[in-house]
Every structure is written in C-alpha cells, then in structure tokens.
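Topology and contacts: notes
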Amino acid sequence: MSAIKSYDHPTNANQFNQDQDRTHWHDSSLWFIREKRDRMSKSLPEWETLRSCASQIKAHTVSKLADYLEEFEKNATARGVQVHWAKDAEEHNQIVLEILRKHQAKRIVKSKSMLTEECHLNPWLEKHGIEVVDTDLGERIVQLRQEPPSHIVMPAIHLKKEDVSNTFHEHLQTEKGNNDPNYLTESARQHLRQKFCQADVGITGVNFAIAETGGFVVCTNEGNADLGVSLPKVHIACMGIEKLIPKADHLSIFLRLLARSATGQPITTYSSHFHGPVEGGELHIVLVDNGRSKIMNSDDYRNSLKCIRCGACMNTCPVYRRSGGHSYAATVPGPIGSILNPLRDAKHHKTLPFACTLCGSCSDVCPVKINLHEQLLTLRTEVKNQKQLPMSKTLPMRIASYVFQRPKLYAWLGGIGKFFLRTMPRFLIYNPLNPWGRHREMPEAPPESFRQQYAQRAKKKSDDR
Ligand code: SF4
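Every value quoted in this text rests on a predicted model; they were computed, and no experiment measured them.

1. Overview of the side chain of Thr316
The topology assignment puts Thr316 in helix α14 (residues 312-316). Note on Thr316: relative accessible area 2%, which makes it buried. A polar side-chain atom of Thr316 sits 2.6 Å from a polar atom in the side chain of Arg34. Excluding residues within four positions of it along the chain, Thr316 makes contact with Trp31, Arg34, Arg321, Ser361, Cys362 and Val365.

2. Description of the sheet that holds strand β9 (residues 270-274)
Taken together, four strands build an open sheet; the order of strands is β8-β5-β6-β9 and the sheet is mixed. The sheet terminates laterally at β8 (244-245) and β9, the two strands that pair on one side only. Bridge count between strand β5 (residues 208-210) and β8: two bridges; the pairing is parallel. Within β8, the residue paired with Ala209 across the bridge is Leu244. Sitting on the sheet, helix α12 (residues 251-263) is in contact with β5, β6 (216-220), β8 and β9, with an inclination near 175° to β5.

3. Digging into the environment of Lys87
Mapped onto the secondary structure, Lys87 falls in the loop between β1 (82-86) and α5 (89-102). Residue Lys87 is classed as exposed on the basis of its relative accessible area of 57%. Remark: the alpha-carbon pair of Lys87 and Gly291, spanning 204 residues in sequence, is separated by 8.1 Å. When neighbours within four sequence positions are excluded, Lys87 is seen to be in contact with Asp289 and Asn290. At 3.1 Å, the side chain of Lys87 forms a polar contact with the side chain of Glu91.

4. Observations regarding the site of the ligand
Taken together, 13 residues lie near the ligand, and Cys307, Cys310, Gly311, Cys313 and Cys366 sit nearest. Tallied by class, residues from the shell around the ligand come to eleven nonpolar, one polar and one charged.

5. Focus: the nonpolar core
Phe208, Phe254, Ile336 and Leu372 are the most contacted members of the largest nonpolar core, which totals 53 residues. With seven residues, the single largest contributor to this core is α12. In this view, Phe208 contacts Phe216, Val217, Lys243, Ile245, Leu251, Phe254, Leu255, Leu258 and Ile308; residues no more than four positions away in its chain are not counted.

6. Things to note about unusual backbone geometry
In the Ramachandran plot, Asn290 falls in the positive-phi region, its phi being about 45° despite a non-glycine side chain. Assignment of secondary structure puts Asn290 in the loop between β10 (282-288) and α13 (292-296). Of note, the phi angle at Lys387 is positive, near 60°, even though the residue is not glycine. Among the secondary structure elements, Lys387 is positioned in the loop between α18 (372-385) and α19 (391-404). With relative accessibility at 72%, the residue Lys387 sits in the exposed group.

7. Some remarks on the packing of helix α2 (residues 20-42) against α12
For any two helices packed against each other, the geometry comes down to the angle between their axes and how far apart the axes lie. Their axes nearest at 6 Å, the elements α2 and α12 cross at an angle of 145°. Contacts between α2 and α12 pair Ile33, Lys36, Arg37 and Met40 from the former with Arg260, Ser261, Ala262 and Thr263 from the latter. Per-class residue counts for the contact of α2 with α12 are three nonpolar, two polar and three charged.

8. Overview of the sheet that holds strand β2 (residues 107-110)
Pairing is parallel across the open sheet formed by six strands, whose spatial order is β1-β10-β7-β4-β2-β3. Edge positions in the sheet fall to β1 and β3 (131-134), since each of these pairs with one other strand and no more. Taken over all neighbouring pairs, the strand axes of this sheet differ in orientation by 20° on average, direction set aside. Two strands pair when backbone bridges link them, and strand β4 (residues 201-204) and strand β7 (residues 234-240) are joined in this way by four bridges, in the parallel orientation. In the strand pairing of β7, Thr204 is matched with Ala237. Lying on the sheet, α5 is in contact with β1, β2, β4, β7 and β10; it crosses β1 at an angle near 145°.

9. Brief notes about the environment of Thr268
Counting through the fold element by element, Thr268 comes out in the loop between α12 and β9. Other than its neighbours up to four places away in sequence, Thr268 contacts Cys219, Thr220, Asn221 and Ala259.

10. Focus: α2
Look at α2: 33 Å from first C-alpha to last across 23 residues, which is about the 33 Å you get at 1.5 Å a residue. All of the buried residues in α2 are Thr23, His26, Asp27, Ser29, Leu30, Ile33, Arg34, Arg37, Asp38 and Ser41. The secondary structure elements touched by the buried residues of α2 are α1 (9-16), α3 (47-63), α12, α14, α15 (318-323) and α17 (361-365).

11. Description of the pattern of salt bridges
Taken as a whole and judged by the stated rule, the model has 24 salt bridges. A salt bridge links Lys102 to Glu282, with the shortest nitrogen-to-oxygen separation between them at 3.2 Å. With Lys102 in helix α5 and Glu282 in strand β10, the pair connects residues that are 180 residues apart, well separated along the chain. With a relative accessible area of 18%, Glu282 lands in the buried category. The closest approach of N and O atoms between Glu242 and Arg309, which form a salt bridge, is 3.7 Å. Here Glu242, found in the loop between β7 and β8, pairs with Arg309, found in the loop between α13 and α14; they are 67 residues apart in sequence, far enough to count as distant. Here the residues in one salt-bridge network are Glu118, Glu242, Arg292, Arg309 and Arg344, joined through shared partners.

Rules used throughout
Residues numbered from 1 in each chain as written. Predicted model: local features only at pLDDT ≥ 70, side-chain atom pairs only at ≥ 80, totals over all residues. Heavy atoms only, no water. Helix = DSSP H or I, 4+ residues; strand = E, 2+ residues; numbered from the N terminus. Buried < 20%, exposed > 50% of the residue type's maximum accessible area, 1.4 Å probe, protein only. Polar contact = N/O pair within 3.5 Å; in protein donor to acceptor, adjacent residues only side chain to side chain. Contact = heavy atoms within 4.5 Å. Pairing = 2+ DSSP bridges. Axes fitted to C-alpha atoms, helices over the stretch in contact; angles between N-to-C directions. Near = heavy atom within 4 Å. Nonpolar A, V, L, I, M, F, W, Y, C, P; charged D, E, K, R; others polar. Core = buried A, V, L, I, M, F, W, Y, C linked by side-chain atoms within 4.5 Å. Expected span 1.5 Å × (residues − 1). Salt bridge = Lys/Arg side-chain N within 4 Å of Asp/Glu carboxyl O.

Below, the structure written as structure tokens:
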C-alpha cells in the first residue's frame, strides 16, 4: 500500500481539490447514491421504526457485549467453529498467520473486510511470503494500484473507468484504451477465477454474528465471499467484536437497513450464512477488540459502536464528497471515521473532528441513529483540551471569546469592521497568501448593525404608542 504522506486532512483535501473536474464528479457520484438511498428508504413506511429498532438492539448488545460474546463463542464452538480472541491488530494478524502456516497455505483469497484493512493484514501476510488477493472488484482494483480503499462500501469510488482501464492494461494486460465497463469487469472475472481455483484458504469479514445461533452472515454483491470459501477447505472469518446481534430474528431488520442505506438496493445480492465448517474442513473466527472496549467504556462515544459500516454517512457528507476518502488517511473515512480514528490515535488524526460542517446530515441518514455530529463536536473540545490545536486556530478563538463577552467592545469593533469592509482594498483579502479568499466572497457591510436596527425599531414602537 502507498505510504501515508500526511495525516493533515486540510492538506490532503486541498490536494484532492486541485483536480476540479474530478472533485465535482466524485461529489455527484456519491450524491447519486445518497438519492437512491432516499428513494429506497421512503418506499418503506416502516423505515423510521426499523431505524429505532436497530438502534435499540445495538445499544442493548453493546451494553451486554461480554455476555453476548460468550454466548456466541459457546454456540459457535458447539457447531465446530474454532473461535480465537485478539486484543489488537498485531494479535489478530499473528493468529491468522499461524492458521495459514499450520495448513502451509501460500495463496489466499479474501473478500471485503474493513477489519483486515484496519489491522493491515495484507502487508503483514505478504511480508511472510503469502499471496493475498482481494476478490471484491473495487478492492482488487485498488490493490493492483497499491492504494488503500477510499470508501468502506465502494473502495474504488475515487476512480473513473479510464483509470481502471489503465490499471488493468498494466496488470492484467487488457486492451489499451478499452474503457468498456463490461469488458473490464469480464477481464477481472477471468483473472479472479484463476485465483479462486488456486487458493489454499479463504478469508472473509463478518457483517453480523448471531449470539443465539453461533452463526454469522457475510453480505456481498458479487458472490465473491461464497466462492472464496467454497473451494478451499479452510475459512477464516475476521470480525470486530461489535458486529454481534443477539438473535436470528433481529437479522432481517439489519439486512433491510444495510443494503438500502449503503447503495440504495432493496437487499444485498448475496447474504451468505455460515454455521460451521464444511465437511472435512475448518472454520475459524477471530474476534478482535483493537480499541473497541475502550470506546465501549466511554459514555460520549459508545454509540459509535452501533455502526454497521453501510457508508451512508460518507455518501451524504459534504466534506467527504468534496475531499475524497484518501484525505482522511485512515481505513474508515467520513463522519464515522472522523470519530473512530481520533479515538484510537488522537495525535495523528486530530484534524478529523474538524473535517465537518456540523450540518447533521450524517446523523439523519445513519440507519442505527448514531449521533455522529454531536460526537464530532465533543471530540473537538477534547482535541482542544489536549492542546492538540495549533495556535492559528486557538488564538482567534480566544480573541473572539474575549470580545463576545464584552458587548461594548463587540459593538465598537463591529463598527470598525463595517468601515473596513467598505473601504478596504480587495487585494488585502483576495491574494495568494490568504487561502480564505480563494473560494469565498466577503459579505457587503450592512448600513446598520443588528443592534442599531433593534434600537430603531424599539424607538419607533414606543413613538407609535
Ligand atoms: S455511522 Fe451510520 S451511516 Fe455511517 S457507516 Fe456507520 S451505520 Fe452507516
């Protein structure tokens, strides 16, 4: 994977914005999906009831997570599944490596799993001489380009078909300049089929694990998870501990919400259920904490563990749409990523809580009703209290706070501000040294301030009496 150049979101966003056409195209592609999601959700009269149920089920599960995890382990073990526990990414990667070594596995096919991205499993296995092939089409495209995914549901949403054509020409020897999506998809299909046939072990993520049954579900649109674990005898499923739901009856609520929120589809094409190893094979499940327990213990951020990784908050976010997923320099971008990443690594991801207009659109679309924008606001205060903000941000805020607390000073400075707005030469604001002026126009100075208008109206009212 290409190394992260900067963790600074504004710097990365600025780089993405250099290509204006691509920025507009990225913005409108995601907005198209947001609109599909809206149409789908409005077609269900019970949509809001489903959201409330899902939110309550998740809140309940998180509050009793330890109990449900034990129940899941007991039931899964009874079905012949080998359950492993990993406290962090390192332990997860080591467990997976040991299973692969035990089976002398050299070639792995993997369906989309944000957890394995979070743990950086691919580079770890490659370092140990194991070939890992991502089989989700978008994931395979970014893997060939040695880029991380830019979206949790549509990993290659930042790429145009021309980019894919060039990548396939370079790596899969497809015809140069042939941008036909059908041709490109068929080429990827042929290429991946070979990989499926040669694989020693299949790795998948987990969308939902059910405590009551010990089974789990993986959702894909391409059927790549099914094929990836049907041919090899060994299946390893990697799962964050928050992916649990208590009962099989709850599953339909989440499946209805997930596909509609993610891509505006009524249902994901494949919802594959796993309830034990194939005959003569092994099924391993690795339950990973990696910072989740810490989040669970926080009243302010516990709700973020309800996330079902649908990506709807990204599709609607005006900042994500115009800055691209890579600008977040993290596995999970967008509003939910701007919460999860600083909670894990505040030092590197301190700019993310500010990559937000606080419009609240993310919270409105979230199928499990996570109060995303409120959590982001709380996080900003934490970043400030930890003294992680640069002086260029804290000093103006301190001055503003001082002025706002002194009405007479505020009124006096307001008058000066109006005078400058009217008389100041334009180049003082609109010059190459001031990025603020690049995309903005200062407002026209009003003839009277709000206070003056208020006083005039009050006077008129008393004169009229
Ligand atoms: S926070 Fe909500 S909208 Fe965003 S990915 Fe998670 S479930 Fe989906």
